[in-house]
Amino acid sequence: MCNRPLADAPETQYCLVREGELIATGFKPSPDPDGGEWLPIVNVDNAPFDAATTWRLKPLPLRLDGDRVVRVYPVVPKSMEHA
């Protein structure tokens, strides 16, 4: 997996996590009365991305990875007719 953040990612998005469960996402976290914690969402590609030779597909479901939430974008090669 390519753990490099996406260069074209927008401002930081956060995910509300309660007892290991992903509850909600947002750009402006606020205190959670139920004791949840807002963790940053890190966007990564699963392989190196090159716009000329690969496609970036829609993201896989969010997953908790320690003290961050990860959104993985699958990267696949373009067919020869699109490259």
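Residues numbered from 1 in each chain as written. Predicted model: local features only at pLDDT ≥ 70, side-chain atom pairs only at ≥ 80, totals over all residues. Heavy atoms only, no water.

Draft legend 1. Examining the pairing of strand E4 (residues 37-45) more closely. With five bridges joining them, strand E2 (residues 13-18) and E4 adopt antiparallel strand pairing. From the neighbouring strand, cysteine 15 faces E4, where its bridge partner is leucine 39. Pairing of E4 with strand E7 (residues 68-73), which is carried by five bridges, proceeds in the parallel orientation. From the neighbouring strand, isoleucine 41 faces E7, where its bridge partner is valine 69. (Pairing = 2+ DSSP bridges. Helix = DSSP H or I, 4+ residues; strand = E, 2+ residues; numbered from the N terminus.)

Draft legend 2. Local environment of the pattern of salt bridges. All chains considered together, the criterion is met by five salt bridges. Between arginine 18 and aspartate 32 there is a salt bridge, with the nearest N and O atoms lying 2.8 Å from each other. Here the residue arginine 18 occupies a position in strand E2, and aspartate 32 occupies one in the loop between strand E3 (21-26) and E4, the gap between them amounting to 14 residues. Since its relative accessible area comes to 26%, arginine 18 is described here as partly exposed. Across the pair aspartate 34 and arginine 18 runs a salt bridge, and its minimum N-O distance is 3.8 Å. One end of the pair, aspartate 34, is in the loop between E3 and E4; the other, arginine 18, is in strand E2, and 16 residues separate them in sequence. Through salt bridges with shared partners, one network takes in Arg18, Asp32 and Asp34. (Salt bridge = Lys/Arg side-chain N within 4 Å of Asp/Glu carboxyl O. Buried < 20%, exposed > 50% of the residue type's maximum accessible area, 1.4 Å probe, protein only.)

Draft legend 3. Region of interest: the side chain of lysine 78. The topology assignment puts lysine 78 in the segment after strand E8 (75-77). Aspartate 50 is the oppositely charged side chain nearest to the buried, salt-bridge-free lysine 78, at an N-O distance of 7.6 Å. Side-chain polar atoms of lysine 78 contact the backbone oxygen of alanine 51, separated by 2.6 Å. (Lys, Arg positive; Asp, Glu negative; His and termini not counted. Polar contact = N/O pair within 3.5 Å; in protein donor to acceptor, adjacent residues only side chain to side chain.)

Draft legend 4. Seen up close, the nonpolar core. Counting residues in each nonpolar core, the largest one holds five residues, listed as Cys15, Val17, Leu39, Ile41 and Val69. Elements represented by at least two residues in this core include exactly E2 and E4. In contact with isoleucine 41, other than residues within four places in its own chain, are Gln13, Tyr14, Cys15, Thr25, Leu62, Val69 and Arg71. (Core = buried A, V, L, I, M, F, W, Y, C linked by side-chain atoms within 4.5 Å. Contact = heavy atoms within 4.5 Å.)

On their own, these measurements won't tell you what the molecule is for.
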